[in-house]
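# Survey of secondary and tertiary structure
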Amino acid sequence: MAELLSDYRRAGLAHAPVTDVARDGMLSGPNTALYTDLIAARPDIAWQASGGVSSLDDVRALKMAGLAGAIIGRALFEGRFRLEEALAC
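What counts and what doesn't
Residues numbered from 1 in each chain as written. Predicted model: local features only at pLDDT ≥ 70, side-chain atom pairs only at ≥ 80, totals over all residues. Heavy atoms only, no water. Salt bridge = Lys/Arg side-chain N within 4 Å of Asp/Glu carboxyl O. Core = buried A, V, L, I, M, F, W, Y, C linked by side-chain atoms within 4.5 Å. Buried < 20%, exposed > 50% of the residue type's maximum accessible area, 1.4 Å probe, protein only. Helix = DSSP H or I, 4+ residues; strand = E, 2+ residues; numbered from the N terminus. Contact = heavy atoms within 4.5 Å. Pairing = 2+ DSSP bridges. Axes fitted to C-alpha atoms, helices over the stretch in contact; angles between N-to-C directions.

## Side note on the pattern of salt bridges
This model, assessed by the stated rule, comprises 7 salt bridges. Between R74 and E78 there is a salt bridge, with its nearest N and O atoms 2.7 Å apart. When salt bridges with common partners are traced through the structure, they connect R74, E78 and R80 into a single cluster.

As structure tokens, then:
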């Protein structure tokens, strides 16, 4: 992972969405450990989490972990919460 992140640094990457494909669409909670590792390795990148978000608590946890944003699909589609509620987190 360090080599790949180094390549991105040279390319000037500033924002990056990251999807944990094992959790995408599963509503099983986000992989905060993955995102925390990425933030620690490259705090200069605005990381956006994708995959697993099922509740407002998940959104709050991602914010507390330092993510710049989250891609929320199925949870919104299924009406688990409203977009306004997520944005308020």
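## Some remarks on the nonpolar core
With 20 residues, the main nonpolar core has Y35, W47, L67, I72 and F81 as its most contacted residues. Those elements that provide at least two residues to this core are β1 (15-19), α2 (32-41), β2 (46-50) and α3 (56-65). What Y35 contacts, discounting residues up to four positions off in sequence, is V18, D20, P30, A49, S50, G51, L62 and L67.

## A look at the sheet that holds β1
Spatial strand order, β1-β2-β3: 3 strands in an open sheet with parallel pairing. Looking at the sheet topology across the chains shown, the edges are occupied by β1 and β3 (69-71). Mean inter-strand twist for the sheet, computed between neighbouring axes without regard to direction, equals 25 degrees. In terms of strand pairing, β2 meets β3 through 3 bridges, oriented parallel. Bridge pairing in β3 places S50 opposite I71. Along the sheet, α2 contacts β1 and β2; its crossing angle with β2, the most-contacted strand, is approximately 170 degrees.

## Observations concerning unusual backbone geometry
For L27, which is not a glycine, the phi torsion comes out positive at approximately 55 degrees. As for its position among the elements, L27 is in the loop between β1 and α2.

## Let's talk about the environment of T32
Position of T32 among the secondary structure elements: in helix α2. The sequence separation of T32 and A14 amounts to 18 residues, and the corresponding C-alpha distance is 20 Å.

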